[in-house]
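Observations on the three-dimensional arrangement
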Amino acid sequence: MADSTALDDLPGIGPYFASRIVKHRTELGGFYCCKEQLLDIYHFDQEKLSAISDLIYVSKASIKPFELWTLSENELKLHPYIRDWKTAHAIVLYRQSYPRDSWQIDSMAKVGAISPELKNKLRNLVIAEP
């Protein structure tokens, strides 16, 4: 929930990473599970995370559930874990091909609509109910 000014004060962060953290948090709808989600940020490495790990925590108070089951292809591809048309299209095709009561992340991976890596990332998000 910290703003870029507060993040800039953390050791080794500076204005570039402070703004990247805020941008990534906004795109995700909030950090969902853990500090390690910072590692998704380009050039943010384990060393940088270790340096600030004791100074930060993940607050679930302002999390916005990800609307995986209702967003359009264009909206899905804007999410930092999806980012491409092919995956967004596969998710929409999955929703069109299977009954709503079977819509699950594991099922999407099982039929090849999403990669195992994406499955693991999506499992860390708060997904809005279909």
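Structural notes, computed from the coordinates. (Residues numbered from 1 in each chain as written. Predicted model: local features only at pLDDT ≥ 70, side-chain atom pairs only at ≥ 80, totals over all residues. Heavy atoms only, no water.)

Another point: the overall build of the protein. The secondary structure content of the protein amounts to 7 helices and 0 strands. Considering only C-alpha atoms, the protein reaches an extent of 50 × 25 × 25 Å along its principal axes. Here the protein, with 130 residues, has 38% of them falling under the buried criterion. For the protein, the computed accessible surface area is about 7,700 Å², with 52% contributed by carbon and sulfur atoms. For the protein, the centre of its 16 positive side-chain charges and the centre of its 17 negative side-chain charges are spaced 5 Å apart. (Helix = DSSP H or I, 4+ residues; strand = E, 2+ residues; numbered from the N terminus. Buried < 20%, exposed > 50% of the residue type's maximum accessible area, 1.4 Å probe, protein only. Areas by Shrake-Rupley, 256 points an atom, 1.4 Å probe, with all protein chains shown as cover. Lys, Arg positive; Asp, Glu negative; His and termini not counted. Charge placed at Lys NZ, Arg CZ, Asp CG, Glu CD.)

A few words now on helix α2 (residues 14–28). With 15 residues, α2 should reach 21 Å at 1.5 Å per residue; the first-to-last C-alpha distance of 21 Å fits that figure. Restricting attention to buried positions, one finds in α2 the residues Phe17, Ala18, Ile21, His24, Arg25 and Leu28. The arc that holds every buried residue of α2, seen down its axis, measures 135°, which confines them to one face. Exposed side chains of α2 directed beyond 90 degrees from the buried face belong to Pro15 and Thr26. Buried residues along α2 sit in contact with α1 (4–8) and α3 (46–52). Two residues or fewer past α2, Gly29 is found with a positive phi of approximately 90°. (Expected span 1.5 Å × (residues − 1). Arc of directions from axis to C-beta. Contact = heavy atoms within 4.5 Å.)

Along the chain, Ile52 falls in helix α3. Separated by 40 residues in sequence, Ile52 and Gly12 place their C-alpha atoms 8.1 Å apart. Filtering out sequence-adjacent residues up to four positions away, Ile52 remains in contact with Leu10, Pro11, Ile13, Leu38 and Phe44.

A few words on the packing of aromatic side chains. Evaluation of the coordinates by the stated rule reveals 4 aromatic pairs. Counting every residue linked through ring pairs, the aromatic cluster contains Tyr16, Phe17 and Phe44. (Phe/Tyr/Trp six-rings, centres within 6.5 Å; stacked < 30°, edge-to-face > 60°.)

At His43, a position not held by glycine, the phi torsion is positive, near 70°. Turning to its location among the elements, His43 is positioned in the loop between α2 and α3. Look at Arg83: it is not a glycine, yet its phi comes out positive at around 60°. For Arg83, the location among the structural elements is in the loop between α4 (73–76) and α5 (85–97).

Functional significance is not addressed by these values, which are geometric in nature.
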